[in-house]
2 protein chains.
Amino acid sequence: MTTLFNDPSEFADDQLAGFADLYSDRLVAVPGGVVAHRGEQPLVAVVVGGGSGHYPAFAGLVGPGFASGAVVGNIFTSPSAAQVYSVAKAADQGRGVVLTFGNYAGDVMNFGIAAERLRREGIDTRVVLVTDDVASSPSEEQRRGIAGDFTVFKAMGAAAAAGHDLDDVERVGRAANAATRSFGVAFSGCTMPGAAAPLFTVPAGNMGVGLGIHGEPGIHDAPLGTARELAKLLVDGVLAARPSTRLQTAGEHGAPARAAVVVNGLGTTKYEELFLLWGSIAPLLREAAIEPVDVEVGELVTSLDMGGTSLTLMWLDDELESLWSAPAYTPAYRKDGGVIAGLRPADVAGLDAAADDAPSPSAAGAALAPLVMAGLRTISEVIAANEIELGRIDAVAGDGDHGRGMRRGAEAALAAATAAGSLCGPAWLLTRAGRAWAAQAGGTSGVLWGAGLEAAGASLTDEREQYTAADAVAAVDAFASALLDLGRAEIGDKTIVDALVPFAEALARGVDRGEPLHDAWRTAAFAATKAAEATAVLSPKRGRARPLAEKSIGTPDAGATSFGLIVDALAGLAAPQTT
Amino acid sequence: MTTLFNDPSEFADDQLAGFADLYSDRLVAVPGGVVAHRGEQPLVAVVVGGGSGHYPAFAGLVGPGFASGAVVGNIFTSPSAAQVYSVAKAADQGRGVVLTFGNYAGDVMNFGIAAERLRREGIDTRVVLVTDDVASSPSEEQRRGIAGDFTVFKAMGAAAAAGHDLDDVERVGRAANAATRSFGVAFSGCTMPGAAAPLFTVPAGNMGVGLGIHGEPGIHDAPLGTARELAKLLVDGVLAARPSTRLQTAGEHGAPARAAVVVNGLGTTKYEELFLLWGSIAPLLREAAIEPVDVEVGELVTSLDMGGTSLTLMWLDDELESLWSAPAYTPAYRKDGGVIAGLRPADVAGLDAAADDAPSPSAAGAALAPLVMAGLRTISEVIAANEIELGRIDAVAGDGDHGRGMRRGAEAALAAATAAGSLCGPAWLLTRAGRAWAAQAGGTSGVLWGAGLEAAGASLTDEREQYTAADAVAAVDAFASALLDLGRAEIGDKTIVDALVPFAEALARGVDRGEPLHDAWRTAAFAATKAAEATAVLSPKRGRARPLAEKSIGTPDAGATSFGLIVDALAGLAAPQTT
């Protein structure tokens, strides 16, 4: 959804005006686009362009080492010939102009008309089309230009910055385009400024294979799988269309082929998703004997707020590799390998804490351990069953991560205790479980539950001759004390404390009265559940919910709720043999 | 919508693994996060962190001139104390550690526990909280940290890179935080990996004022207005909370106060929208006597795929300004003012074509001019009335911009002709109209309609003694020839040509038969409309729709359809007086 504008029909002009104001120290607005400031030595002008809606393409790529100027049309619309002419005329430094853009009929026409006019005025002007989208046509010349714009423009910008002449910059551009292949998928459409609906939609659970960057739907729909499956689809798609030149095979002496790689996000597909995808693409390329060089993962050629991604490879020879690796400094893309060349890695050896050896438990400790394991399993199960509901409650006035965090913690705790093995005592198991919970769940609830379990374990110890109901009360008290010390919350603050304290008090009361632990626990769990429900009327005083106090009223606290669920589920376990 | 993942519960780990692989030449993964490679001279370690889902915060900010390490928790969840400890331990270079992060209970707790442990091991460790979100609390100390993380971390990173000692880096951090204020709004919620629904929603036409960056909804909802209105809301919100120090007033001698400025996008709100917003924020800051310094507009502290934006100001003194302007080189943020310092602007004078003087028309030309004006007005009206439907047709297999492009073109043509004035002849009016159409509409249809009108005008001339029906036929033929020459499409290619050629042929036939122009036009317009409808069965051979040929079948061509609408509407005009 494109949300920010004044008059939708002025979107392209308004955004360009803001951009030119922002970067007025390095570029200047001209009718139709922007032109980079220049240095002492005149250079061949590399003028890129197309419609707007693709940022950082195209204005974001103007600067030293990259484009000399960018023509910026309306959204998804070719600029006019007059706009192209105006930008190229301003960008020309007396050494000629290369006009370069993706292969679309409107652009071909308008840049072509402008090239004629520039030539008539004595400005030597060349045209280099980008045709990287392998999904758009079986014929190489008829293919559209998508994220391959980036590698082709970069090669030419670097050649121009190195002082190459017009023939050479044009030659480099054609070589770069001939070596570049892209393949992409769409997850969701984009919405024009002021429009109520996206230009296309992708059915839920599907993706459009063979994306366009102007709001065109994919060429066909297919089920959306995991990132690993998508990585394979993209790598297979690009490699199936390897350039039919010497670049297609591995290097000499069987060395891997080298390739510039771009994993491009279309707008809504975020960086962290793209990094995750790269984690699956990298091994596939290496398996295919392709060595990725200076990989770029990010938003380079976007399509407003579209969801989707594409993979681009530019097969490298020595010349293209040096151009691809050369420095550049534009609003959106800055590179200088020299800055990091002299650095050395931090010493990270020995950061994993060495595992301690577990002490041998007493006979009573060994007998209690299975109950601890059963308890951890119960916690994990009850949280998994309620994860979504806990997330929903938390999202009313919080960040919605409570269910997920508790689940990660509980599962990590169970796994750590299981890994510790069946010969360990209850304290050891609870300590390992607590540390794992805190480490894996993260967040406030994670650290509290982790510290609580660790404290309960420390209270129990592994060496008693017998374990009594009073020991259970003491362990619960240790759990509660750890949480109260760390969280500094009080009754009425709308936190876990509101359920925890009534539980601990009721349990102690019941055991004091001589009730079997199992009965006292059930009564205490009932009290905790009721207390958790009663937090709905409260206004939060602590934690992330505090700034949203008003919205929270009417919904119980997620931490108190999950505590109530857990102690209630634990009441279903068999009573300890020791009571 | 977060779309790319393997196992949703492993999202944070998986994305960090991909990130570490990608940037293995400059940083190294450690348990809990990443640590930058280091130079020859040991520096104070600035360790930033928090949950994941905020990229480039926090791992993207690790590198020379910025953070030494980043702790990366699960999505929207504090890292555990063990993770913080691990990263800080690896980042320490023997000169001490500053742990810095936004003010959230879980982070305060976990970073605090880690700081204690580091101190016990003899590593001098300081903690600097970021509390920039003015919407989250009236109390400065209780405020949350949002995009102000960026300015505070940057100041400390630059101080550490300059070799400052631990006391000094900590002091700079506290000063930076005391000088930083942010205020933001949310347009839409974000969706956790694997979740079916966003963590919150914003009612249509509204925005959440006082955003959170962990999927919390806004503090209250308010109607969403124009970018200009939003700019005012944000500037007013930040300025109302100016720091109560010497920094709050203008500089000495009445000079403007200087401030670092960040316009942050939350994820789905795109760069072009943010540039547009900056275009409205900049004048408001200057009116308030604030000189923006090295403004950053972009995605710096995100919240998955959330829509929204925030404005951050850090009021500068000389020390903070030099730290803010210092070079940095991280995965997501690279700055080196030296690269652009020596450049000079291109010469852009005289790029606007000077206006020619219109020749005086003949009496017949002057008499025909009002009909040309009426025709341009009719075109503009019929396109405006059909803009959305034309866009819908075009979106089936194209980029959906046909209606918008035609409307911009037709309006620009009418405006240019109106501006030319009532004393001009028909050829002059059509020429100006055509040039304006091509310049403003852009795209294939824009250049074709522009060239066609210009050719029609050239055919008519302004100096005839009379204008006959045969002159109208000749003008239409000139229009058609211009389009056929430029577009190189043929009948059956599913373009405007499929309606244009039948129209021109029918018009010529009727006039040849001696029919009044008005009648012949009406018959020809009917033929054009039918021919446009008949393009539905065709498969496109040209233009952007070509790769989507299959989807296009069943829908008529948008360009043929708009041509039919226009000639049909023109048939409703009064018959020319000359026939």
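Everything in this summary refers to the structure shown in the same document. Note that the structure is a prediction, hence the values are computed from the model and not measured. Every chain begins its residue count from 1, and numbering advances along the sequence as written. As they are written, the chains are lettered A onward and the ligands numbered 1 onward, keeping that order. Side-chain atom pairs in this predicted model are given and counted only at pLDDT of 80 or more, local residue features only at pLDDT of at least 70, and totals for whole chains, interfaces and linings cover all residues. To obtain the side-chain values, all non-hydrogen atoms of the structure were used and water was disregarded.

### Comments concerning the pairing of strand β8 (residues 206–209) of chain B
Residues and elements named next belong to chain B. So the rule is basically this: Only strands that DSSP links by at least two bridges are regarded as paired with each other. Helix and strand definitions here come from DSSP, where helices need a minimum of 4 consecutive H or I residues and strands a minimum of 2 consecutive E residues; each element is numbered from the N-terminal end.
As judged from the two bridges shared by strand β7 (residues 180–188) and β8, these two strands associate in the antiparallel manner. Residue pairing for β8: Ala 186 is matched across the bridge by Gly 208. By the bridge criterion, four bridges tie β8 to strand β9 (residues 220–223) in an arrangement that is antiparallel. Bridging across to β9, Gly 208 finds its partner in Asp 221.

### Overview of the packing of aromatic side chains
To describe a pair of aromatic rings, you give the distance between the ring centres and the angle between the ring planes. All names here are of chain A. To keep things clear, this is the line we draw: Pairing of aromatic rings covers Phe, Tyr and the six-membered ring of Trp, with a centre-to-centre limit of 6.5 Å; geometry is then stacked below 30 degrees between planes, edge-to-face above 60, and tilted otherwise. Under the scheme applied here, a residue whose accessible area is under 20% of the maximum for its type counts as buried, over 50% as exposed, and between as partly exposed, the area being computed with a 1.4 Å probe on protein chains only.
Inspection of every chain in the model, using the stated rule, returns 36 aromatic pairs over all chains. Summarising the aromatic geometry, the rings of Phe 150 and Tyr 333 are spaced 5.0 Å apart at their centres and angled 85° between planes, so their arrangement reads as edge-to-face. With Phe 150 in helix α4 (residues 148–161) and Tyr 333 in the loop between β13 (328–329) and β14 (334–335), this residue pair connects regions lying 183 residues apart in the sequence. Per residue, the accessibility class of Phe 150 equals that of Tyr 333, and both read buried. Judged by centre distance (5.1 Å) and plane angle (10°), the rings of Trp 437 and Trp 449 are stacked. In this pair, Trp 437 is assigned in helix α12 (residues 426–441) and Trp 449 in helix α13 (residues 443–460), connecting sequence segments twelve residues apart. Judged on exposure class, the residue Trp 437 and its partner Trp 449 are both buried. Each member of the aromatic cluster is reached from another via a ring pair, and the members are Trp 437, Trp 449, Phe 479, Phe 503, Trp 521 and Phe 563.

### Here's the deal with the relation of the copies chain A and chain B
The operation relating the pair of chain copies consists of a rotation about an axis and a translation along that axis. Let me state the cut-off plainly: The least-squares superposition of copies is restricted to C-alpha atoms, and to residues with a pLDDT of at least 70 in both copies. Contacts: residue pairs with any heavy atoms within 4.5 Å of one another.
With an axial shift of 0.0 Å and an RMSD of 0.1 Å, the rotation relating chain A to chain B amounts to 180°. Those values place the two copies in the arrangement expected of a two-fold rotation axis. Considering only C-alpha atoms, the part of chain A nearest the rotation axis is A:Thr268, at 2.6 Å. Interface residue correspondence from chain A to chain B reaches 100%, placing this contact among same-surface, isologous pairings.

### Concerning the interface of chain A and chain B
Where we set the bar: Throughout, buried area stands for the accessible area (probe radius 1.4 Å) lost by two parts on being put together, summed over both. What counts as a salt bridge is simple: a side-chain nitrogen of Lys or Arg found within 4 Å of a carboxyl oxygen of Asp or Glu. For the purposes of these results, a polar contact is taken to be a pair of N or O atoms within 3.5 Å, where, inside protein, one atom must be able to donate a hydrogen and its partner to accept one; residues adjacent in sequence count only when each atom of the pair is a side-chain atom. Under the scheme applied, nonpolar residues are Ala, Val, Leu, Ile, Met, Phe, Trp, Tyr, Cys and Pro; charged residues are Asp, Glu, Lys and Arg; polar residues are all the others, including Gly.
The interface is formed by 132 residues belonging to chain A together with 132 residues belonging to chain B. Around 11,100 Å² of area is buried between chain A and chain B when both sides are counted, 59% of it from carbon and sulfur atoms. One can count five salt bridges joining chain A with chain B. Of the charged contacts in the structure, one is a salt bridge between A:Lys270 and B:Glu299, with a shortest N-O distance of 2.9 Å. The interface formed by chain A and chain B includes 33 residue pairs in polar contact (both at pLDDT 80 or more). Per-element tally for the side of chain A that touches chain B: the top contributor is helix α7 (residues 271–287) of chain A, with eleven residues. In the side of chain A that touches chain B, the residues fall into 59 nonpolar, 41 polar and 32 charged.

Nothing here speaks to function; it is geometry throughout.
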